[in-house]
Amino acid sequence: MIRRTTGRAPAGLLLALGLTAAGCSTGQEATSGSPSVAPVEGRISITYLQKQGDQEYFVGEAAGAKAKAAELGVDLKVVNLGNDANKTVSEVQAAIAQKTNGVIVVVPDPAVGPQVVQTARDAKIGLLTSDDQVCATGPDPASCATTDLVPRVGFSGAQMGGEVGKRAAEEYTKAGWTAADTRIIAAWKQDVTVCGDRVKAAKEAFDAAAPGVRTLEVATDNTPTGAQDKVAATVTANPGVKHWVVWGCNDENVHGGVTALRNAGVGADDVIGVGLGAYLACKDWGGTQPTGMKAALYINGRDVGALAVQTMYDKLRNGKEMPAEVFAKTTMVDAATWKSAGVSCN
């Protein structure tokens, strides 16, 4: 899902890069992971496996991981898994064959989680997830016992979604729209747990401030073109709607949705898109045409990558247990504030 960076982290995220986990994590100690991993005395080798590694967010995440690895004197290999779930397992096996000490993974499909976990445990290497959750005992993290979730570095889905829903409600109220002629489009890849957390929290926050607006749930593949196609069909099926609110799992979903609405002839003043990432939203704001993208929650992949490497390093070098979750912070931005917040559009 994610983006763009200037190379300088926003001040609010710097504490996470120092791994002051007390202020960023859930405080729970993870019991999945790799409890039998012995501390490494020599040079540490880490493999970072990312889904959709050419996506801007993950490009930034890889850059942050590489910078932190260089600072710590760690050998780091970054692998782009694309959307190939089968490649996830084969790349974990390849990393083990190459004597890696730890694997950090963003899985294309959580269904491969149990096999990834077992492979890492058998090899006695460290295992950490970033961004998306993985369950050690089943394919669906949403149905997983907390103690069976692999430690994760990323963002709080509930917190992010809540911020998106709150800002959308503010924009809706300011616009003076009514529930009768407004619909919410919630677009996300529905088998990704963190995506579900985000859209659920967005809806709860919106309803708390502006109840009564009907939500249309749109299943996508979390890409701009995938979201655009699905939202276009949804708009066609609802010809009487005058105003649209759009949110989703990431900037891709919202940008695709806003584009579909524009292509359908809906004016920018009749669209409230609140992105999640800001790496695509900022491109609209840097242009000259009116846009329905009214705001976006800025999430910095660079900081997640750095924090993930630091967390794995602390485990491998010092035997420090990895927290169940460590969260980086976020910032809401819009057309007037994205540059000063440090968002860089590439």
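I will try to describe carefully the structure that is included in this document.

**Topic: the pattern of salt bridges**
- For the structure on display, the rule yields eleven salt bridges.
- The salt bridge partner of D191 is K189, with a shortest N-O separation of 2.8 Å.
- Residue D191 is classed as partly exposed on the basis of its relative accessible area of 37%.
- When its relative accessible area of 23% is taken as the criterion, K189 is described as partly exposed.
- In the salt-bridge network here, residues are joined through shared partners; they are R167, E171, K174 and D334.

**With respect to the environment of I125**
- The topology assignment puts I125 in the loop between α4 (113-123) and β4 (126-130).
- Each C-alpha atom of the pair I125 and I96 lies 7.9 Å from the other, and the pair is 29 residues apart in sequence.

**Things to note about the side chain of R152**
- Relative to the helices and strands, R152 is located in strand β5 (residues 152-154).
- What makes R152 buried here is its relative accessible area of 3%.
- Side-chain polar atoms of R152 contact the side chain of E325, separated by 2.9 Å.
- Not counting the four nearest positions on each side in its chain, R152 is found in contact with L128, T129, D131, D132, Q133, V194, P323, A324, E325, V326 and F327.

**Observations regarding unusual backbone geometry**
- Phi is positive for Q52, which is not a glycine, with a value near 45°.
- For Q52, the location among the structural elements is in the loop between β1 (45-51) and α2 (56-72).
- Although it is not a glycine, N222 adopts a positive phi angle of roughly 70°.
- The residue N222 is located in the loop between β7 (214-219) and α7 (224-236) in this model.
- With a relative accessible area of 2%, N222 lands in the buried category.

**Here's the deal with the side chain of R183**
- The residue R183 is located in strand β6 (residues 182-188) in this model.
- The buried charged residue R183 lacks any salt bridge partner; its closest oppositely charged side chain belongs to D181, at an N-O distance of 7.1 Å.
- When neighbours within four sequence positions are excluded, R183 is seen to be in contact with V213, R214, L216, V241, H243, W244 and V245.

**Side note on helix α10 (residues 301-318)**
- The end-to-end C-alpha separation of α10 is 25 Å, in line with the 26 Å expected for 18 residues at 1.5 Å each.
- The buried fraction of α10 is high, at 15 of 18 residues.
- One side-chain oxygen of the residue at the start of α10 lies 3.0 Å from the amide nitrogen of R302, identifying that residue as N300.
- A positive backbone phi angle near 70° is found at G319, which sits one or two residues after α10.

Reading guide: rules and limits
Residues numbered from 1 in each chain as written. Predicted model: local features only at pLDDT ≥ 70, side-chain atom pairs only at ≥ 80, totals over all residues. Heavy atoms only, no water. Salt bridge = Lys/Arg side-chain N within 4 Å of Asp/Glu carboxyl O. Buried < 20%, exposed > 50% of the residue type's maximum accessible area, 1.4 Å probe, protein only. Helix = DSSP H or I, 4+ residues; strand = E, 2+ residues; numbered from the N terminus. Polar contact = N/O pair within 3.5 Å; in protein donor to acceptor, adjacent residues only side chain to side chain. Contact = heavy atoms within 4.5 Å. Lys, Arg positive; Asp, Glu negative; His and termini not counted. Expected span 1.5 Å × (residues − 1).

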